[in-house]
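# Structural overview
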Amino acid sequence: MNIKKVEMIATPREPHFVGDGFRVHNYIPSYPRMDMIRMDPFIMLDYNARYHFPGSEYPKGVGVHPHRGFETVTIAYKGRIEHRDSGGGGGIIGEGDVQWMTAASGVLHKEFHEAEWSKGGGDFQMVQLWVNLPAKFKMTEPKYQAISHTEMVTADLGSNGLVEVIAGSFRGLQGPANTFTPVHLMNAMLRPGGKVDFSFPENFATGALIIEGKVKVNGSEVADIDQFVLFEKTGTTLILEAMAESKVLILSGEPLLEPIAAHGPFVMNTREELQKAYMDFNTGKFGYLE
Ligand code: MN
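About the criteria used
- Residues numbered from 1 in each chain as written.
- Predicted model: local features only at pLDDT ≥ 70, side-chain atom pairs only at ≥ 80, totals over all residues.
- Heavy atoms only, no water.
- Buried < 20%, exposed > 50% of the residue type's maximum accessible area, 1.4 Å probe, protein only.
- Helix = DSSP H or I, 4+ residues; strand = E, 2+ residues; numbered from the N terminus.
- Pairing = 2+ DSSP bridges.
- Donors = N, O, S within 2.8 Å, 3.2 Å for Na, K, Ca; no water.
- Axes fitted to C-alpha atoms, helices over the stretch in contact; angles between N-to-C directions.
- Phe/Tyr/Trp six-rings, centres within 6.5 Å; stacked < 30°, edge-to-face > 60°.
- Lys NZ or Arg CZ within 6 Å of the ring centre and 35° of its normal.
- Core = buried A, V, L, I, M, F, W, Y, C linked by side-chain atoms within 4.5 Å.
- Contact = heavy atoms within 4.5 Å.
- Expected span 1.5 Å × (residues − 1).
- Arc of directions from axis to C-beta.

## What about the pairing of strand 18 (residues 195-199)?
The two faces of strand 18 differ: Val-196 and Phe-198 on one face are buried, but Lys-195, Asp-197 and Ser-199 on the other face are not. Sheet analysis places strand 18 next to strand 23 (residues 237-242), joined by five bridges and oriented antiparallel. The partner of Ser-199 across the bridge, within strand 23, is Thr-237.

Put into structure tokens, the structure is as follows:
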């Protein structure tokens, strides 16, 4: 077997708040060896490790802000998130659900704890991943894909557990999310001792985030809850073996290999396009959202 070796196991650093509702550890791009070029097409990964929010009458979250040039993928593991955007779209991301938002030419949106959930509070755990768009799609129409966990394609691994495919494919099963370039995104739910292997092309950027439990990777290294495993580009196959009941988010994507000009909520190819994004935002071209 052509093993894809572990390049690094990253431990979460000090969290920071996005607005007042998302207490996140940033993995991409702030770690050495996990910058936007190494992780291309993934440009950002914020992880809200499980955290208890006390009940609040006013939903916590992040107010109106723009995005242009990429996709935001929000995966809710615990708690509920409500979003609304300038195009009139909105919805609730419940436990196990995914929202795949193609910001493309631009949206204004806001992301908050869902009102009813907020009142009672509780454990909150989520991932937000930014997937870059190729130059030719950056200025296309924005769109949403609301993917309920019930729509996800599931591979039954018997006593090992199961794999839930969000995007891309696993053993011939295709996930529901439409992507612009090849991206594989899936959750492995493993029983204690459960084993699974994944194969991805050599040039893809590949990683795994331990959402629950503890896993042995490639038969040797151990990755614990909340750690991020970065895999080398060489080699094709990685093996996970659960040392306890575990849940692992696996991501692998084909690099776009295009220049990146990123600042704040905009990810473009050139400085000029970035300046244009700020100008369009400041002159109200992203629409309106209260
Ligand atoms: Mn946002």
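## Some points on the coordination of the manganese ion
Within the protein, His-65 (NE2), His-67 (NE2), His-109 (NE2) and Glu-111 (OE) serve as the donor atoms for the manganese ion, at 2.1 to 2.4 Å. Look at where the donors of the manganese ion fall in the sequence and you get H-x1-H-x41-H-x1-E. Taken together, the residues His-67 in strand 5 (residues 61-67) and Glu-111 in strand 10 (residues 107-113) connect sequence positions 44 residues apart. Take His-67 and Glu-111: they sit in the same class, and that class is buried.

## What to know about the sheet that holds strand 6 (residues 70-78)
Pairing in this open sheet of seven strands is antiparallel, and the strands run 2-3-4-11-6-9-12 from one edge to the other. Looking at which strands have only one partner, the edges of the open sheet turn out to be strand 2 (16-18) and strand 12 (143-147). Between one strand axis and the next, the sheet turns by 25° as a mean value, whatever way the strands run. Alignment of strand 3 (residues 22-28) against strand 4 (residues 42-54), held across three bridges, turns out to be antiparallel.

## Details of the packing of aromatic side chains
Applying the stated criterion across every chain yields a total of 16 aromatic pairs. Plain terms: the ring middles of Phe-137 and Phe-180 are 4.9 Å apart, the flat faces sit at 55° to each other, and that makes the pair tilted. Of this pair, Phe-137 sits in the loop between strand 11 (121-132) and strand 12 while Phe-180 sits in the loop between strand 16 (173-174) and strand 17 (183-190), and the two are 43 residues apart along the sequence. You can call Phe-180 partly exposed: its relative accessible area is 26%. Its end group placed over the ring of Tyr-31, Arg-13 keeps NZ or CZ at 3.9 Å from the ring centre.

## What to know about the nonpolar core
Membership of the largest hydrophobic core comes to 33 residues, with the highest contact counts inside it found for Leu-45, Trp-100, Leu-185, Phe-228 and Leu-249. Of all the elements, strand 4 adds the most residues to this core, at four residues. Every residue in contact with Leu-249, bar those within four places of it in the chain, is listed here: Ile-75, Tyr-77, Val-127, Ile-166, Leu-185, Met-186, Asn-187, Gly-207, Ala-208, Leu-209 and Ile-211. Of all hydrophobic cores here, the second largest spans 24 residues; its members include Phe-198, Ala-208, Ile-210 and Val-215.

## Here's the deal with helix 3 (residues 271-282)
Taking 1.5 Å as the rise per residue, helix 3 with 12 residues should run 16 Å; its terminal C-alpha atoms sit 17 Å apart, in good agreement. Residues of helix 3 that are buried include every one of Leu-274, Ala-277 and Asp-280, and no others. Around the axis of helix 3, the buried residues are gathered within 125° of arc, so they sit on the same side. Turned more than 90 degrees from where helix 3 packs its buried face, Arg-271, Glu-272, Met-279 and Asn-282 sit exposed. Gly-284 lies just past helix 3 and shows a positive phi near 80°.

## Here we look at the sheet that holds strand 7 (residues 81-85)
Strand pairs in the sheet, formed through backbone hydrogen bonds, run parallel or antiparallel to each other. Pairing in this open sheet of four strands is antiparallel, and the strands run 5-10-7-8 from one edge to the other. With one partner strand each, in any of the chains shown, strand 5 and strand 8 (90-93) form the two edges of the open sheet. Within the sheet, the average angular offset between the axes of one strand and its neighbour, ignoring direction, is 20°.

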